[in-house]
Amino acid sequence: MLDSLPKQTAQIDHALACGGYSDEVKQIIAEENLLPQGLVNRLHRSYPQISSLANRDKALFTRQNDYTGLTGFRKVNQTLLDQGIDMGDQDERELFIEVYRFLATKHTLNSIDWHNFKNDSVFQLVFPQPGMINKKVTDAYIAAPLGAARQAIAQEYTKQTNPHDGNQKLNQPWFINAEGVMEMLAGSQHKYPQTQLIFDKTTQHCYSFCTYCFRHAQVRGDEDMFLQNDVTQAHEYLKLHTEVTDLLITGGDGGFMPPERLEQYVDPIINDADLMHIRTVRLATRMLAYQPELILTRKYEKMLAVFDKLHENGVQLAWMAHFSTPRELLNPVTIAAIRRLQSHGVVIRSQSPIMRHISMFDNADGSIDIDRSAQNWIDLGNIFATLKVGFHSMYCARPTGEHHYFTAPLADVVKIFDKIYRSLASINRPSRYISMTTSAGKLSLMGVSEINGETTFALKFCESRNMEWMDKVFHAKYDEKTNNVSLLTPLAGNKFFFEDELAEIEKALADDLSAAMSSSKGFKMDKTTYDYDDLGADYHGID
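Residues numbered from 1 in each chain as written. Predicted model: local features only at pLDDT ≥ 70, side-chain atom pairs only at ≥ 80, totals over all residues. Heavy atoms only, no water.

*Asks:* Summarise the pairing of strand β11 (residues 390-396); cite the residues concerned and give the values.
*Replies:* For β11, the tally of buried residues reaches six of seven residues, placing the bulk of the element in the interior. Pairing between strand β10 (residues 347-354) and β11: six bridges, direction parallel. Bridge pairing links isoleucine 354 to cysteine 396 in β11. (Buried < 20%, exposed > 50% of the residue type's maximum accessible area, 1.4 Å probe, protein only. Helix = DSSP H or I, 4+ residues; strand = E, 2+ residues; numbered from the N terminus. Pairing = 2+ DSSP bridges.)

*Asks:* I'd like a rundown of the packing of aromatic side chains, residues and numbers included.
*Replies:* Under the criterion given, the structure shown has 36 aromatic pairs. Look at tyrosine 207 and phenylalanine 256: their rings are 4.2 Å apart centre to centre, the planes differ by 20 degrees, and that puts the pair in the stacked class. One end of the pair, tyrosine 207, is in the loop between β6 (195-199) and α10 (216-219); the other, phenylalanine 256, is in the loop between β7 (246-250) and α12 (259-271), with 49 residues separating them in the sequence. Relative accessible area serves as the criterion here: at 5%, tyrosine 207 is assigned to the buried category. Under the relative-accessibility criterion, phenylalanine 256 is labelled partly exposed at 27%. A ring pair is formed by phenylalanine 496 and phenylalanine 498, whose centres lie 5.9 Å apart and whose planes are at 0 degrees; its orientation type is stacked. Among the residues examined, phenylalanine 496 registers a relative accessible area of 11% and is labelled buried. By the ring-pair criterion, three or more aromatic residues cluster together here, those being Phe61, Tyr67, Phe73, Phe102, Trp114, Phe117, Phe123 and Phe127. Cation over ring: arginine 150 sits above tyrosine 141, and NZ or CZ is 4.8 Å from the ring centre. Sitting over the ring of phenylalanine 361, arginine 372 keeps its end group 3.9 Å from the ring centre. (Phe/Tyr/Trp six-rings, centres within 6.5 Å; stacked < 30°, edge-to-face > 60°. Lys NZ or Arg CZ within 6 Å of the ring centre and 35° of its normal.)

*Asks:* Help me get a handle on the packing of helix α11 (residues 231-240) against α12, residues and values and all.
*Replies:* At a minimum axis distance of 10 Å, the contact between α11 and α12 shows a crossing angle of 25 degrees. Here α12 runs roughly parallel to α11, going by the angle between their axes. Between α11 and α12 the crossing geometry is right-handed. Contacts from Val231, Ala234 and His235 in α11 reach Arg261, Gln264, Tyr265 and Pro268 in α12. Here the contact of α11 with α12 is built from residues that sort into four nonpolar, two polar and one charged. (Axes fitted to C-alpha atoms, helices over the stretch in contact; angles between N-to-C directions. Parallel < 35°, antiparallel > 145°, perpendicular 65-115°, else oblique. Left-handed = near helix turned anticlockwise from the far one by under 90°. Contact = heavy atoms within 4.5 Å. Nonpolar A, V, L, I, M, F, W, Y, C, P; charged D, E, K, R; others polar.)

*Asks:* Can you lay out the pattern of salt bridges for me, pointing to particular residues and giving the numbers?
*Replies:* Under the counting rule described, the total for this entry stands at 24 salt bridges. Arginine 286 serves as the salt-bridge partner of glutamate 328, at 2.9 Å between the closest nitrogen and oxygen. Here the residue glutamate 328 occupies a position in the loop between β9 (316-321) and α15 (332-342), and arginine 286 occupies one in the loop between β8 (280-284) and α13 (287-290), the gap between them amounting to 42 residues. Side by side, glutamate 328 and arginine 286 carry an identical accessibility label, which is buried. Close ionic contact of lysine 507 with aspartate 511 constitutes a salt bridge, the shortest N to O distance being 2.6 Å. Note that lysine 507 and aspartate 511 are positioned in helix α19 (residues 499-519) at a spacing of four residues, about one turn of the helix. Using a relative accessible area of 54% as the deciding quantity, one classes lysine 507 as exposed. (Salt bridge = Lys/Arg side-chain N within 4 Å of Asp/Glu carboxyl O.)

*Asks:* Go over the environment of valine 122 with me, naming the residues and quoting the values.
*Replies:* Relative to the assigned elements, valine 122 resides in helix α7 (residues 121-126). The class for valine 122 is buried, based on a relative accessible area of 5%. The sequence separation of valine 122 and serine 324 amounts to 202 residues, and the corresponding C-alpha distance is 9.7 Å.

*Asks:* With reference to specific residues and values, describe α11.
*Replies:* The complete set of buried residues in α11 reads Val231, Gln233, Ala234, His235, Tyr237 and Leu238. The N-cap of α11, judged by a side-chain oxygen 3.1 Å from the amide nitrogen of threonine 232 a few residues on, is aspartate 230. (Polar contact = N/O pair within 3.5 Å; in protein donor to acceptor, adjacent residues only side chain to side chain.)

*Asks:* Would you mind going over the side chain of histidine 322 in detail, with residue names and values included?
*Replies:* The topology assignment puts histidine 322 in the loop between β9 and α15. Histidine 322 sits in the buried class, given a relative accessible area of 15%. Among the polar contacts made by the side chain of histidine 322, one reaches the main-chain carbonyl oxygen of glutamine 351 at a distance of 2.9 Å.

*Asks:* How would you summarise a negative patch on the surface if you had to cite specific residues and measurements?
*Replies:* Together, Glu468, Asp471, Glu501 and Glu504 give the surface a local cluster of negative charge. Residue placement: glutamate 504 occurs in helix α19. (Patch = residues over 30% accessible without salt bridge, like charges linked within 9 Å, V, L, I, M, F, W, Y side chains within 5 Å. Areas by Shrake-Rupley, 256 points an atom, 1.4 Å probe, with all protein chains shown as cover. Lys, Arg positive; Asp, Glu negative; His and termini not counted. Charge placed at Lys NZ, Arg CZ, Asp CG, Glu CD.)

Written as structure tokens, this is what we have:
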């Protein structure tokens, strides 16, 4: 605990020094008063067990900014062994890395409590764990010789990882241009009317890789990844779709977009009267959790100037962070980075999945610890409030990658969310009920109901392919084991009310695309026009 302000000041300086941060970072924090004593005192005294605001441990990782792939993982492992720390299960962890990749910044690595790493949420977040990949594949990999034999096993398993759940390919937008040529936006999705996603060519990387990644096709460079090269094409599409109000830049990590590239997207939104319907630019990024010190540099002031320009012209810059544990927040550089962004008109919101082992925890018998899991999010919600970060939403694990490891029965997730919701003050609660993504839309789990003596799940869309579906509450049979809303069954009848229309919508999307390709004068993607014969039947973006 902290007993006096002078002691607090010394400890923060010491924490920054131990973290290995540059003199430039420390100078900007001091110049802009980004770590006021009262704020730091309040946060550390409120959460002493999870705070690193008074850290006294010397950073273990200082030699390079990040550690990538098998080579980087082995360097991390050797550094730990040199300190007498053995994480174990080396071969099994390397299998996961060959399938999904590995990347961790020095900030991420130094955020881990290496005295108790096995129970550390950040360790679970970025390091492969035993039991993630099924035992048969794991045993075969470990038994195989190093090199090509192991790589072959990993490559074969990669085909089973389901990187594009929810029929994402149906969301890829297109239009017919003035010359009668069909243009496909290779790096975009437009599923819900108000929001268009952009997977720009500059955002196809991350600061650290999450073990549960829902976009592993992007970060490992799969052939069918989304990739937007042409900015002008995106603007032309937006001019034809005035229902779009929000442009969401994602990846990978949207934080990788350079300021010059962001200006190419936002200057027309500010200056072109035909794009006045775009009111918000969202930047989906984990920079605040994984490499916040980048925001605390002179170089980043070019990006801050773009944020200023948006703010001064009435366009909201919404920084969509992804925090799921208090430990990701309660360190000096993340708090300082948040405050620096906010001083330039940036609105920060957090939306995160509730993931087993990271932000949802087990009892000794393997059941879900409802109270501990809920407390993680209650603390997080209250910390958000202190830092003026919006608690946007929580969502369930999507059925990609090693879903079995991170998921839990929906019945338990609902119990956790209910406790979070009733424990937080109304203005600090998530802005929507916990949800799970399906091809039909984002389905909210509103809770449990009793209908004619039968226990049911109450459901409602918070986003949907037909936005009118959002107006209706409906029910599914209660199931104590199901971990995927797509596996729930209707309370009455064989189908949910939206299923027939969903099939029609999905068929219409595919038929409209086929008809447009047949009737247009050509096909254009990323400034290149093709003849259809050149594309062939195997073109990966079109079924």
